[in-house]
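Breakdown of the fold
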Amino acid sequence: MSPLDVLISLFHQTMYSQNSTGVNFCREKRSELFNTINSLASMWTTHIPHDFTNIEMIRRMEELLQLVCIDEDHRVKSNQLIITLKNTLSRIDRYEKALASLIVKNDEELALSQSISGLFAISSDTSLIAQQLTHIELERLSMMALDDMIQCISQSDHDSFLSSPSHPSVHSCIHWFNRLSSLVATEILRHSRKRLRASIIDSWVETAKECFDRGNFNSTCAIVAGLNSNAVQRLKRTWSKVDRAKLDILQHQLDPSGNFVSYRSTMKAALWRAEGASKDDQKVIIPFLGLLLKDLFMIYHSNPRELPNGHLNFQAFSLLSSTLYPLAEWKRRTVSFPRHPTLLQYLLVSITHEEDVLMLRSFEFEEPDSGTEKDLHKRLKKGLSPVSSVAVTKSLHLGVNYIRDTVGRLGVR
C-alpha cells in the first residue's frame, strides 16, 4: 500500500469507529480518539516526513485531524502539527538544495607542495578539526530519514542498494564518508617531501583519535579508510617516519573480525557514557553508517516479515525497531563547541581526487616494486591524462565497497 492508501484507509476506519455506536460518539470517547489519532499523526510526520512531500498527503492529513477535533484546543494542536510538518518539509528541501550546491567538479591537477598546505595549513589543531567534522556528521545524521533507510535496505541486491540516488539522505551520508576518505589521501599526497607526508599522516591519525574520543565513529572510520587506501599504504618510506602506535589502536577498535566485536564493545561503552553524561558534548554518538546499514540489511533479509498464517512477524519488526530507535535519539544530539567557517568550507568543498590520480602520484614518490604494481602503473599512464576531469563527489566506491565487503564476509547474499 502506498502512504496515501494507508492514510485514506485510516480516515475511513476512523469515521466508521466514530459513528459505529452512540458511546463512541460521546465527548469522552471522541477525545480519546483524537489523542490516539494525533499521537499517530505526530509520530508519522516526525519520523517519516518524506511521505508528505505529496500535497495530497498533507490535505488528507488535515481532513483526518479535522474529523476528530471536537474543541478549540484540539484544533490548535492539529494546526500546530501541520505547521511543524510544513516547516520540516521546507527544511528538508533547503538541505537537499544546499547539498547539491556542494558538488565540486574536479578539473585541477593534484598540485605539489614543498611546505605544509591544505587543511592543516588552515589549522594544525586536530581537536578543532575533529569538532568541525562532528558538526558535519551531526548535520547529516539529523537529516537521515528513517524511511530512506528502510527503503534502502529492502532492496535485495546488496551490490547496488547503497549507491541508489533514490534514497537521498542515505546517499548523502555515504557520499560524505567517501569524500572524507578521499580528502585524507589527497591531503597526504599533495606534499612532495616524505617528512611532510609523514607529518600529515600523524595529524590525520590524531584527528581520527579525537573523533573517536568524541563518539564520532563515522569520521574515524572514514579517516582510517583514507589512510588505508592503496595510494597511501604503499608509501613504505613515508610510513617508516610514522609512529603507528595510535593508528594500530584505532585499527584494532575497527577490526571487522568477529562481526566487529571490538567496535560493538566500544559502542556499548559510548552508550553507557552518554547515559550518565551531564554535558551535551559528551552525549554525542555518531555510529559507523556502514555497519549500521549492514546490521539493518541482515535483520531485514534474514527474518520473514510475514508468518505462514499471514500474520505480521512482530519479532522481526521488533528487531528492526530496536536497531533504529537509538538512531532516532542520536539524530537529536547537539554540541556546544563553535563552528569554524573556514575549516568547514575546506572540509566540504575543497578539491579531492580519484584513486587513480592518487595512485599515479604515489608511484611518482615511490616507484612500483612488484609486478602487479608495475602493470597497474602502465595502465594508469596509458589511460589517464595528468588532469582528472571526474568529480570525486560523484563516486561512492570507497564506502560502498567497504560496506559491501563487510556484508559479503558475513555471508549476506
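Okay, so let's go over this structure. (Residues numbered from 1 in each chain as written. Predicted model: local features only at pLDDT ≥ 70, side-chain atom pairs only at ≥ 80, totals over all residues. Heavy atoms only, no water.)

In this section: the overall build of the protein. Counting its secondary structure elements, the protein contains 20 helices and zero strands. Here the analysis covers contacts within the protein between residues at least 6 apart in sequence; of these, 79% occur between residues at least 24 apart. Per element, the accessible surface of the protein, about 20,400 Å² overall, is 53% carbon and sulfur. (Helix = DSSP H or I, 4+ residues; strand = E, 2+ residues; numbered from the N terminus. Contact = heavy atoms within 4.5 Å. Areas by Shrake-Rupley, 256 points an atom, 1.4 Å probe, with all protein chains shown as cover.)

A separate point is the layout of surface pockets. One way to see where empty space is left: roll a probe the size of a water molecule over the atoms. A volume near 930 Å³ is recorded for the largest pocket. Lining the largest pocket are 20 residues, and of these H47, I48, D147, I150 and L324 sit closest to its centre. Only α2 (27-47), α7 (146-153) and α16 (314-330) provide two or more residues apiece to the lining of the largest pocket. For the lining of the largest pocket, the class distribution of residues is twelve nonpolar, three polar and five charged. When its volume is computed, the second largest pocket comes out at roughly 670 Å³. (1 Å grid on protein atoms, 1.4 Å probe; cavity = no way out; pocket = protein on both sides within 12 Å on 5 of 7 lines; lining within 4 Å. Points joined across faces, edges and corners; volume = space filled by probe spheres on them. Nonpolar A, V, L, I, M, F, W, Y, C, P; charged D, E, K, R; others polar.)

In this section: the nonpolar core. Nonpolar side chains tend toward joint burial in soluble globular proteins. Core analysis: the biggest nonpolar cluster contains 79 residues, and M149, W204, I223, L227 and L327 have the highest contact counts within it. With residues near it in sequence (within four places) discarded, I223 still touches L133, L180, V184, W204, T207, A208 and C211. Residues F11, L33, A41 and L81 belong to the second largest nonpolar core, which totals 20 residues. (Core = buried A, V, L, I, M, F, W, Y, C linked by side-chain atoms within 4.5 Å. Buried < 20%, exposed > 50% of the residue type's maximum accessible area, 1.4 Å probe, protein only.)

Take the pattern of salt bridges next. Evaluation of the coordinates by the stated rule reveals 21 salt bridges. Notably, a salt bridge pairs E56 with R60, separated by 3.2 Å at the nearest N-O pair. On the criterion of helical spacing, the pair formed by E56 and R60 is a turn pair, its members being four residues apart in helix α3 (residues 55-68). The shortest N-O distance in the salt bridge between E329 and R333 comes to 3.6 Å. We classify E329 as partly exposed; its relative accessible area is 31%. R333 sits in the buried class, given a relative accessible area of 19%. (Salt bridge = Lys/Arg side-chain N within 4 Å of Asp/Glu carboxyl O.)

The next thing to look at is the environment of I37. Looking at where I37 falls in the secondary structure, it is placed in helix α2. Among the residues examined, I37 registers a relative accessible area of 5% and is labelled buried. Sequence separation between I37 and L64 is 27 residues; the distance between their C-alpha atoms is 8.3 Å. Excluding anything up to four places from it in sequence, I37 contacts L10, T14, L64, L65 and V68.

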